[in-house]
Amino acid sequence: LSEKLQNALGKLKGKGKLTEKDVDIAMREVKLALLEADVNFKVVKKFINDVKERAVGSEVMESLTPGQQVIKIVNEELTKLMGESESKLEFSSNPPTVILMCGLQGAGKTTTAGKLALLLKKQNKRPLLVACDVYRPAAIKQLEVVGERVSVPVFTMGDKNDPVDIAKAGVEHGKKNGNDIVIIDTAGRLHIDENLMEELQNIKEAVNPREILLVVDSMTGQDAVTVAETFNEKLDITGVVLTKLDGDARGGAALSIRAVTEKPIKFAGMGEKMEQLEPFHPDRMASRILGMGDVLSLIEKAQESFDAKKAQELEKRIRNQQFTFDDFLDQLEQMKNLGPLDEVIGMIPGVNTKKLKDLNVDEKELDRIQAIIQSMTPKEREDPSIIDSSRRKRIANGSGTSVQEVNKLLKQFKETKKMMKKFTDMEKTIKKKGKFG
Ligand code: GDP
Ligand code: MG
């Protein structure tokens, strides 16, 4: 934890112009946040470079710290990447407007078809749903149920016909019955396969859809990017619907999909109910991606509570393996100054706050550790190896704890020191090999 904080606290105190170093430090956190949010690695790399270019040398606004300034730029760039403003459905000048739904099985095509029908009905359109999934058992029935829920007619021809013929007949049916929108629900597969793509291509050719909407499950993270790439290649989609954003998906897929396909994300599915479809808002998604660990407040808090110089000294001591119990005590106190521990941890990008609840950070434990260290003499703190069994007893009595607890702490301290040595050794190796910049 303290390592994380040290990263974040950075040397963000300079004023005037943002230096490359300022930006680097802040971007390290942002990069982590993006990767944790399932953003494609290549996209992250390019994005970070773009932001750096823009941020380095830019004037720091009076009301913002350099760290905040960088985050602001990141937020703006993220929004831009995802399309700046919301992207609307296109309608044919010669109705009906045909909308083809495609995507993998379980992505939410059928549900979204119903949601879309409801949304359009509210805009005084007269949608028709067409059931072209003839493979999955009960798929047709599912669309009929959905249609009933939103009071929109459903065209079916059973599961004995070819989906291409059904699509054609569905559009004809819509024309005859005054439907100005025809939404075609299609089959999906668990994985992308040739047959599925071919069938979709044939449907596309037969009914010339105005919109080809790829429905993507946002919970699938990185996989969503591959899916989007392939569907776009084969079908030249016109837009994307991201579903299940009500779950704890990080939303990074949205960013990657947009960057990879250059097609707009038009809608976001926010739940299983028919009303839960929203136009996609790039700015909100940017905040969501950034907000998953509240990077900004973490940097601020760390800045307030840490004395940067002190931290630098500590770093040096760790490097030289002079880390003592006094340093340990300092760290504990600084950690406490940051506020309730679980809150602090919750601000670290990538930490799942839901899981945090079960973690149950024990602040009393910290108090006990503090008491134990305070019961040590300065000499013992410098060199714990002199703490023999009689000293252990004395320390336990002095701190109101037990010998076992003192032993535990001594062991932990030893482990920590060992780990620190490993880290610094690793760092040296990396530097020697010239990896990681
Ligand atoms: P299809 O195979 O692509 O047609 O997917 P379905 O429409 O049958 O949806 C699969 C499952 O995902 C169903 O249980 C839906 O209720 C659920 N689902 C679809 N969209 C959303 C959404 O936006 N949020 C949530 N929580 N569930 C969704
Ligand atoms: Mg379906």
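The shown structure was predicted, so the numbers you read here are calculated from the model rather than taken from an experiment.

Considering the UniProt feature "domain: SRP54-type proteins GTP-binding" (unreviewed entry) in the protein chain
At step 1: UniProt feature "domain: SRP54-type proteins GTP-binding" (unreviewed entry): in the numbering of this structure it lies at residues 264–277.
At step 2: Secondary structure over residues 264–277 splits into 0% helix and 43% strand, and the C-alpha atoms at its two ends are 16 Å apart.

Quick notes on the environment of Asn161
At step 1: Relative to the assigned elements, Asn161 resides in the loop between strand E3 (154–155) and helix H7 (163–176).
At step 2: The exposure class assigned to Asn161 is partly exposed, which follows from the 13 C-beta atoms found within 10 Å.
At step 3: A sequence separation of 27 residues divides Asn161 from Val134, and the C-alpha atoms of the two residues are 7.7 Å apart.
At step 4: Once you skip the residues sitting within four places of it in the chain, Asn161 turns out to touch Val134 and Ile166.

Concerning helix H5 (residues 109–122)
At step 1: Under the 1.5 Å per step criterion, the end-to-end length of H5 is 20 Å for 14 residues, consistent within 8% with the ideal 20 Å.
At step 2: Among the 14 residues that make up H5, 11 are buried, leaving the element largely enclosed by the rest of the structure.
At step 3: What H5 keeps buried is the set Lys109, Thr110, Thr111, Thr112, Ala113, Gly114, Lys115, Leu116, Ala117, Leu119 and Leu120.
At step 4: Just downstream of H5, Asn124 is the residue with a positive phi angle, here 65°.

Describing the pairing of strand E4 (residues 181–185)
Side-chain direction in a regular strand flips from residue to residue, so the side chains alternate between the two faces of the sheet.
At step 1: The buried fraction of E4 amounts to 5 of the 5 residues, a majority that puts the element mostly inside the structure.
At step 2: By the alternation rule, side chains of E4 split into Ile181, Ile183 and Asp185 and Val182 and Ile184, which are all buried.
At step 3: Relative to E4, strand E1 (residues 97–102) runs parallel, the two sharing 4 bridges. In the strand pairing of E4, Leu100 is matched with Ile184.
At step 4: Bridge count between strand E2 (residues 127–131) and E4: 5 bridges; the pairing is parallel. Bridge pairing in E4 links Leu129 to Ile183.

Topic: helix H6 (residues 139–149)
At step 1: For H6, the full list of buried residues reads Ala139, Ile140, Leu143, Val146 and Gly147. Summarising the axial view, the buried residues of H6 lie within an arc of 120°, below the 170-degree limit, and thus occupy one face. Turned more than 90 degrees off the buried face of H6, the exposed positions are Lys141 and Glu148.
At step 2: Tucked inside the fold, the buried residues of H6 contact H5, E2, E3 and E4.
At step 3: Downstream of H6 by one or two residues, Ser151 has phi in the positive range, about 50°.

Thoughts on the site of ligand 1
At step 1: In the vicinity of ligand 1, 18 residues are found, and the nearest of them are Gly108, Lys109, Thr110, Thr111 and Gly269.
At step 2: In terms of residues, the shell around ligand 1 owes the most to one element, H5, which gives 3 residues.
At step 3: For the shell around ligand 1, the residue count by class is 3 nonpolar, 11 polar and 4 charged.

Focus: the environment of Val207
At step 1: Within the element layout of this structure, Val207 appears in helix H8 (residues 194–207).
At step 2: Once the C-alpha coordinates of Val207 and Asp165 are considered, the two residues, 42 residues apart in sequence, prove to be 9.8 Å apart.
At step 3: Once residues within four sequence positions are removed from consideration, Val207 is found in contact with Val98, Ala167, Lys168 and Val171.

Thresholds, definitions, all that
Residues numbered from 1 in each chain as written. Chains lettered and ligands numbered in written order. Predicted model: local features only at pLDDT ≥ 70, side-chain atom pairs only at ≥ 80, totals over all residues. UniProt positions renumbered as here; feature names shortened; annotations may be inferred. Helix = DSSP H or I, 4+ residues; strand = E, 2+ residues; numbered from the N terminus. Buried ≥ 20, exposed ≤ 12 C-beta atoms within 10 Å, placed from the backbone. Contact = placed C-beta atoms within 7 Å. Expected span 1.5 Å × (residues − 1). Pairing = 2+ DSSP bridges. Arc of directions from axis to C-beta. Near = placed C-beta within 6 Å. Nonpolar A, V, L, I, M, F, W, Y, C, P; charged D, E, K, R; others polar.

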